[in-house]
Amino acid sequence: MKKALLLSSLAINLALAALTLSRPAFAADAASPAQAAPTGLWATLYSEDIPTYAANLRLAGGPEATIGVLIGEAINLRFAEREKALQPSILSLQSLREEFTPERREALLQLRIEKNALFRAVFGHSIQLAGSFNWTAGGLARLTVAERDTVSMIMGDYDTMISRVLVQSQGHLMDDDREKLRFLESQRDVDLGKLLSPDEILDFNLIATAYGRTVRNYLSYFEPTTEQLRTYLALGKKHGLDYDGGGANLTRHNEEQVALHADLAKIWDAPTYEKYRRTTSGHYVYLTMLVRRLQLPLSTAEDIFASQKTATERSYELYAKARMNPPSLQDPRPGIEQVVWPAVYPANDIRTAAINDIIKITADHCDFVRSKLGDAGFKEYYELNSRWLEVMQAGGVARLDYSLP
């Protein structure tokens, strides 16, 4: 040890760099065959007892970041073979079900706990860096440090296996892939259920998973209660939106979204459901973002959105009364159905009056928006909505679907 303390700073840095390159010579695995004992300078620093090894590096003046890399790698190597042996095959749903038994899951968790205890002994915090999660959310604050570590490790293990399934899917989930994911999630909830209640599991998913963060961001303008967040997350997972939300299969995604909306319409009362559909529509979200950028009150977005909705729906009512069943033209952009007056239909007083009224309604709406946003803000608003505004300025009609994201 005294010899280590006398090492020059340059010698220490060289030693640490060399240790990184000569990893097999010093990171002995207790379960693996004996390796060649370190010699010379390395013998003054290395110890098979990892806490002692870390202490030697610190006493020799090694940078903490470098020590973290070296000791972290040494810990990983010590547990690598045991971890590998406990990992189930994901080649098929059958192999996953057969190999990932409760006993095997418990053995993997105990290995993680053992590994984490060693990591914490050296660095003073969990290997999963549990502090990065918002542990004050819901009832999670009641957990002890050890319980938080265990929850993090369970999530980490399952996230790793879920990632393996997603990588194997090559970006396109088949039914077998979804079944694997459902199985892993169901088993994860069983394991988490040893420490958390069903509501706490949902709360943790809202904090710690990509889909949970997506849900919170998607519903931000809806300003949901905790119970509404839990409801949406649970139903989204039930219908598969946690994995199909950004997938290539738009048909499946749309079907899942329709099913989710049907469930929400049954669970929530009419005003709540209407607020949800409004505040998650693209028209509302983009308008609110513009109003915030202009540093105007959020009530401005509500006023403009109400005017927009009234203008488009009133115009369609006028068209419907005067149209005499002419065909409509479908705009290729989702959420906008453009309807024009076909030239083959001769003009009459009713249609002429309807067209003039629609043009007037559109002009009044634009004047109202300009009065709220100013000229620069109106220019941005017009660019965002030019497709349907130009149709209505010409006397046509644009039916907007206010439920689309």
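The structure presented is a predicted model; accordingly, all values stated were derived computationally and were not measured. (Residues numbered from 1 in each chain as written. Predicted model: local features only at pLDDT ≥ 70, side-chain atom pairs only at ≥ 80, totals over all residues. Heavy atoms only, no water.)

A. The arrangement of the packing of helix 7 (residues 102-123) against helix 8 (residues 145-168) in detail. Remark: helix 7 packs on helix 8, axes separated minimally by 10 Å, with the N-to-C direction vectors making an angle of 125 degrees. As far as their axial angle goes, helix 8 and helix 7 are oblique. Helix 7 and helix 8 meet at a crossing whose hand is right-handed. Between helix 7 and helix 8, the residues in contact are Arg105, Leu108, Leu109, Arg112, Ile113, Asn116 and Arg120 and Val145, Asp149, Thr150, Met153, Ile154, Asp157 and Tyr158, respectively. (Axes fitted to C-alpha atoms, helices over the stretch in contact; angles between N-to-C directions. Helix = DSSP H or I, 4+ residues; strand = E, 2+ residues; numbered from the N terminus. Parallel < 35°, antiparallel > 145°, perpendicular 65-115°, else oblique. Left-handed = near helix turned anticlockwise from the far one by under 90°. Contact = heavy atoms within 4.5 Å.)

B. Inspection of the packing of helix 4 (residues 50-59) against helix 5 (residues 64-86) at higher detail. In the contact formed by helix 4 and helix 5, the axes pass within 10 Å of each other and the chain directions differ by 160 degrees. The angle between helix 4 and helix 5 falls in the class roughly antiparallel. Seen from above, helix 4 lies across helix 5 with right-handed handedness. Taking contact as the criterion, the partners of Ile50, Tyr53, Ala54, Leu57 and Arg58 in helix 4 are, on helix 5, Glu64, Ile67, Leu70, Ile71, Ala74, Ile75 and Arg78. Taken together, the residues of the contact of helix 4 with helix 5 break down into nine nonpolar, no polar and three charged. (Nonpolar A, V, L, I, M, F, W, Y, C, P; charged D, E, K, R; others polar.)

C. Region of interest: empty space enclosed by the protein. Taken as a whole and assessed by the stated rule, the structure comprises one cavity of 30 Å³ or more. Computed from the structure, the largest cavity encloses a volume of approximately 70 Å³. Every residue lining the largest cavity is listed: Phe100, Arg105, Leu108, Leu109, Ile154, Asp157, Tyr158, Met161 and Asp191. Put simply, the parts of the chain that give the lining of the largest cavity at least two residues each are helix 7 and helix 8. Element by element, the count of residues in the lining of the largest cavity is highest for helix 8, at four residues. Residue composition of the lining of the largest cavity, grouped by class: six nonpolar, no polar and three charged. (1 Å grid on protein atoms, 1.4 Å probe; cavity = no way out; pocket = protein on both sides within 12 Å on 5 of 7 lines; lining within 4 Å. Points joined across faces, edges and corners; volume = space filled by probe spheres on them.)

D. How the structure looks around helix 7. Its 22 residues give helix 7 an end-to-end C-alpha distance of 31 Å, which sits within 8% of 32 Å, the value for a rise of 1.5 Å per residue. Where helix 7 is concerned, the buried positions are Arg105, Leu108, Leu109, Leu111, Arg112, Lys115, Asn116, Leu118, Phe119, Val122 and Phe123. Buried positions along helix 7 lie against helix 4, helix 5, helix 8 and helix 9 (175-192). Gly124 occupies a position one or two residues after helix 7 and carries a positive phi of about 85 degrees. (Expected span 1.5 Å × (residues − 1). Buried < 20%, exposed > 50% of the residue type's maximum accessible area, 1.4 Å probe, protein only.)

E. Region of the structure containing the pattern of salt bridges. This model, assessed by the stated rule, comprises 32 salt bridges. Measuring nitrogen to oxygen at the nearest pair gives 3.1 Å for the salt bridge that ties Asp191 to Arg105. Of this pair, Asp191 sits in helix 9 while Arg105 sits in helix 7, and the two are 86 residues apart along the sequence. Assessed through its relative accessible area of 8%, Arg105 is described here as buried. Salt-bridge contacts for Glu313 lead to Lys309; the nearest nitrogen and oxygen are separated by 2.9 Å. (Salt bridge = Lys/Arg side-chain N within 4 Å of Asp/Glu carboxyl O.)

F. Region of the structure containing the confidence of the model for the chain. Averaged over every residue, the pLDDT of the chain is 79; residues scoring 70 or more account for 78%. Considering only residues more than four positions removed or in separate chains, one finds that residues 1-34, a stretch of pLDDT under 50, has 53 contacts. Contacts from residues 329-334, a stretch scored under 50 in pLDDT, to residues over four places away or in other chains number 15 contacts. (pLDDT = per-residue confidence, 0-100.)

G. The arrangement of the packing of aromatic side chains in detail. Counted according to the given criterion, the structure contains 13 aromatic pairs. With 6.0 Å between their ring centres and 45 degrees between their planes, Tyr218 and Tyr232 make a pair best called tilted. Here the residue Tyr218 occupies a position in helix 11 (residues 210-218), and Tyr232 occupies one in helix 12 (residues 226-238), the gap between them amounting to 14 residues. Here the aromatic cluster, defined as three or more aromatic residues joined through ring pairs, consists of Tyr218, Phe222, Tyr232, Trp268, Tyr273 and Tyr276. Over the face of the ring belonging to Phe378 we find Arg370, whose NZ or CZ atom lies 4.1 Å from the ring centre. (Phe/Tyr/Trp six-rings, centres within 6.5 Å; stacked < 30°, edge-to-face > 60°. Lys NZ or Arg CZ within 6 Å of the ring centre and 35° of its normal.)

H. Quick look at the side chain of Ser169. Assignment of secondary structure puts Ser169 in the loop between helix 8 and helix 9. Take Ser169: its relative accessible area is 9%, and that puts it in the buried class. Among the polar contacts made by the side chain of Ser169, one reaches the main-chain carbonyl oxygen of Leu166 at a distance of 2.6 Å. (Polar contact = N/O pair within 3.5 Å; in protein donor to acceptor, adjacent residues only side chain to side chain.)

I. Up close: unusual backbone geometry. The phi dihedral of Glu223 is positive, around 55 degrees, even though this residue is not glycine. Turning to its location among the elements, Glu223 is positioned in the loop between helix 11 and helix 12. Of note, Gln295 is a non-glycine position whose phi angle comes to about 60 degrees, a positive value. One can find Gln295 in the loop between helix 16 (282-293) and helix 17 (298-322). For Gln295, a relative accessible area of 72% puts it in the exposed group.

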